Amino acid sequence: MKLAAIFKDGMVLQRNTEVSIFGESTSEEMVYITIDDICVEEKVNAGKWIIKLPPHAEGGPFEMKITSDNEEVVIRDILYGEVWLNNGQSNIELELKDCQGGPEIIETANLPEIRYYHVPKLPLVNEELFEAEKDTCWNSITDKDFGDVSGIGYFYAKKLYEKLGVPIGMIDCYQGGSSITCWLEDSRLGSITSGREVQQRVKDYYSGKTEAEIAKIEDDYNALANKFDETVAEATKKNPDISMDELIDLAGYYPWPPPITPWSMFRPSGLIESMLKRIVPYTIKGIVYYQGEEDAIKNLESYQKTGKNEYYYLLLKELISQYRDLFGNKGLPFIYFQLPMFIEHRREDLRDWATIREAQQMVEDDVKGAYLSSLIDLGEYNNVHPIDKETPGNRVSDVLLEKVYDLEGYHDMKAQGINKLNDKIYINLSGTYGEVRTQKNSLIDHRNEIPEKEEADHIYGLEVRKEDGKWYVPKAHIDKETIVIEDADEIKWVRYGFFNYGKVNIYNKKGLPLRQFSIEVK
């Protein structure tokens, strides 16, 4: 009898629902499981097996004994509470020790009932992965030894713990730089036209090449990336005050993306097998997902080619459906982040991040139980990894409290429609909580909308397109819970925050932002 690697001392089990215990056996045998007042026995066949434990209220610590015909496994210090899966790429991966305020939190926080488990980050299911899994463990927010926890995860878990009063467990299953295609099964990816195109591009790229030739491509890329790092390190050592312009002129931009080899972390349908499926179907409450950066330009290219913003939209819908199937819960809550502001220094604003934000919104509109948390007013110029992870963590916890736990929580504003009347345009908003206002934030006016002296009265981020096909920054003001655009003559389209990076500053009474929108004026 062999249990999945995630079943270790200190684990958190989902309260108040059936819990899946799973593993493998070399032959048919009886398996007995006892924990607290639960006792289950079941005959399992050779191969993979799953045994369901009946619901149990929050609490602990408990000890679980799993006995088969030939051996007994004892798992200690088990808590029942709420279990969430953290999934995606680098911004949910960013560790607390590297976040704003993280080092101070690590010195003082002591929350032993918040626990987390890291799924090993390896690209292939092989002996190296099996050995890495043996070394995994559940960790807790104690003893100044939790700097590797997801920054966003820490902040939302802490707030849930404070509001719910039950243990919180997080499963960290993420990989920086990963495309959504990495997390989709080969058959799922192939069920979508754009997914089949991705699969074919990878096959074509390496068609006719030997393994040695492919390895040479990878080695050449690694040498290029190392040269960039060395050049930047040497330049900043010589001149700590070197400007971004000088660095770019000297080193260029970081060479990304890497080549997608058959053994790459970033190959399509790889991480779903080597990471996510290693902990499926561990019983969870839901998923917190932060991804999209890696697919922004691909989404834009598809949009320009087809005229439809459907590349990421279809892939994300398929991902949610797949995860719900894998975890055996058709209504599994899926909470995800709408990308913040970002642009690299001296790069053209292609609005690819704006386009993928729009696709993310479309998924929430169409998929029940999928909830979006907007970060449109956050982000750092020239830094794809903003270090403020407390704000995103608090925002997603508000969504969880309201949408999943039916408690007091708050959500951001959305534009509900446009009315044109008496040469003015009125933008109707939902989620105002009784007030709409402008509010300062850390974004800079990268688009140079107005002179700085006029900042106090200006609504940032609005654009209108007129009959000449050009976009303009309009005069606008807030009237109670409505945005009013003046001089609406010839305006055919209105959009807000529809760029990769720029300043936006409209908020509701709870201090949550107005989401990006793009609406035709009819």
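Keep in mind it's a predicted model, so treat the numbers as computed, not measured.

S.K.: Looking at this model, I keep getting lost on the overall build of the chain. Mind explaining?
M.R.: Of regular secondary structure, the chain possesses 13 helices and 24 strands. Computed over the C-alpha atoms, the radius of gyration of the chain is 25 Å, within 12% of the 24 Å expected from 2.2 N^0.38 for a compact globule of 522 residues. When the backbone C-alpha atoms are referred to their principal axes, the chain occupies close to 80 × 60 × 50 Å. Here the chain holds 522 residues, and 52% of them are scored as buried. Within the chain, contacts between residues at least 6 apart in sequence are counted, and of these 73% link residues at least 24 apart. Total accessible area on the chain is roughly 23600 Å²; 46% of this is exposed by carbon and sulfur atoms. Charge separation in the chain, taken as the distance between the mean sites of 62 positive and 91 negative side-chain charges, equals 4 Å.

S.K.: Honestly, helix 11 (residues 311–326) in this entry has me stumped. Any pointers?
M.R.: Because an α-helix completes one turn every 3.6 residues, residues spaced three or four positions apart along the sequence face the same direction. The terminal C-alpha atoms of helix 11, which comprises 16 residues, lie 23 Å apart, in line with the 22 Å expected from a rise of 1.5 Å per residue. Within helix 11, 12 of the 16 residues are buried, which leaves it mostly tucked inside the rest of the structure. Among the residues trailing helix 11, Gly 328 stands out with phi positive, at a value near 65 degrees.

S.K.: In this structure, what is going on with a negative patch on the surface? I would like to understand it.
M.R.: A cluster of acidic residues, Asp 423, Asp 468, Asp 487, Asp 489 and Glu 490, forms a negative patch on the protein surface. Relative to the elements of secondary structure, Asp 487 occurs in the loop between strand 21 (482–485) and strand 22 (491–496).

S.K.: Explanation requested: unusual backbone geometry in the structure shown.
M.R.: A negative phi angle characterises most non-glycine residues, just as the trans form characterises most peptide bonds. Cis geometry is adopted by the peptide bond preceding Pro 61, which originates at Gly 60 and carries an omega value of 5 degrees. When you line up the elements, Pro 61 lands in strand 7 (residues 59–67). Following Val 280, the chain continues to Pro 281 via a peptide bond in cis, the omega torsion being 5 degrees. Counting through the fold element by element, Pro 281 comes out in the loop between helix 9 (271–274) and strand 12 (286–290).

S.K.: Where do I start with the sheet that holds strand 15 (residues 414–421) in this structure?
M.R.: Sheet strands line up and pair through hydrogen bonds in the backbone, either parallel or antiparallel. Pairing within the open sheet is antiparallel, and its 4 strands lie in the order 15-16-21-20. Strands at the two margins of the open sheet, each flanked by one partner only, are strand 15 and strand 20 (476–479). Put simply, the sheet's adjacent strands are angled 25 degrees from each other on average, direction ignored. In this structure, strand 15 lies alongside strand 16 (residues 424–430), joined through 7 bridges in antiparallel fashion. For Asn 419, the partnering residue across the bridge sits in strand 16 and is Tyr 426.

S.K.: Sorry, what's going on with the packing of aromatic side chains here?
M.R.: Applying the stated rule across the entire model yields 18 aromatic pairs. A centroid spacing of 5.3 Å and a plane angle of 85 degrees characterise the contact between Phe 228 and Tyr 254, whose relative ring orientation is edge-to-face. Of the two residues, Phe 228 sits in helix 7 (residues 211–238) while Tyr 254 sits in the loop between helix 8 (244–251) and helix 9, which places them 26 residues apart along the sequence. These aromatic residues form a ring-pair network of at least three members: Phe 7, Phe 22, Tyr 117, Trp 138 and Tyr 282. Its end group placed over the ring of Tyr 472, Lys 466 keeps NZ or CZ at 5.2 Å from the ring centre. Here the guanidinium or amino end of Arg 495 rests over the ring plane of Trp 471, the centre of that ring lying 3.6 Å away.

S.K.: Would you take a moment to explain the side chain of Asp 352 for this structure?
M.R.: Mapping Asp 352 onto the fold places it in helix 12 (residues 352–366). Reaching out from Asp 352, the side chain makes a polar contact with the side chain of Asn 500 at a distance of 2.7 Å. Beyond its immediate chain neighbours, meaning those up to four positions away, Asp 352 contacts Ala 296, Ile 297, Leu 300 and Asn 500.

Calculation criteria
- Residues numbered from 1 in each chain as written.
- Predicted model: local features only at pLDDT ≥ 70, side-chain atom pairs only at ≥ 80, totals over all residues.
- Heavy atoms only, no water.
- Helix = DSSP H or I, 4+ residues; strand = E, 2+ residues; numbered from the N terminus.
- Rg over C-alpha atoms; globule rule 2.2 N^0.38 Å.
- Buried < 20%, exposed > 50% of the residue type's maximum accessible area, 1.4 Å probe, protein only.
- Contact = heavy atoms within 4.5 Å.
- Areas by Shrake-Rupley, 256 points an atom, 1.4 Å probe, with all protein chains shown as cover.
- Lys, Arg positive; Asp, Glu negative; His and termini not counted.
- Charge placed at Lys NZ, Arg CZ, Asp CG, Glu CD.
- Expected span 1.5 Å × (residues − 1).
- Patch = residues over 30% accessible without salt bridge, like charges linked within 9 Å, V, L, I, M, F, W, Y side chains within 5 Å.
- Salt bridge = Lys/Arg side-chain N within 4 Å of Asp/Glu carboxyl O.
- Pairing = 2+ DSSP bridges.
- Axes fitted to C-alpha atoms, helices over the stretch in contact; angles between N-to-C directions.
- Phe/Tyr/Trp six-rings, centres within 6.5 Å; stacked < 30°, edge-to-face > 60°.
- Lys NZ or Arg CZ within 6 Å of the ring centre and 35° of its normal.
- Polar contact = N/O pair within 3.5 Å; in protein donor to acceptor, adjacent residues only side chain to side chain.

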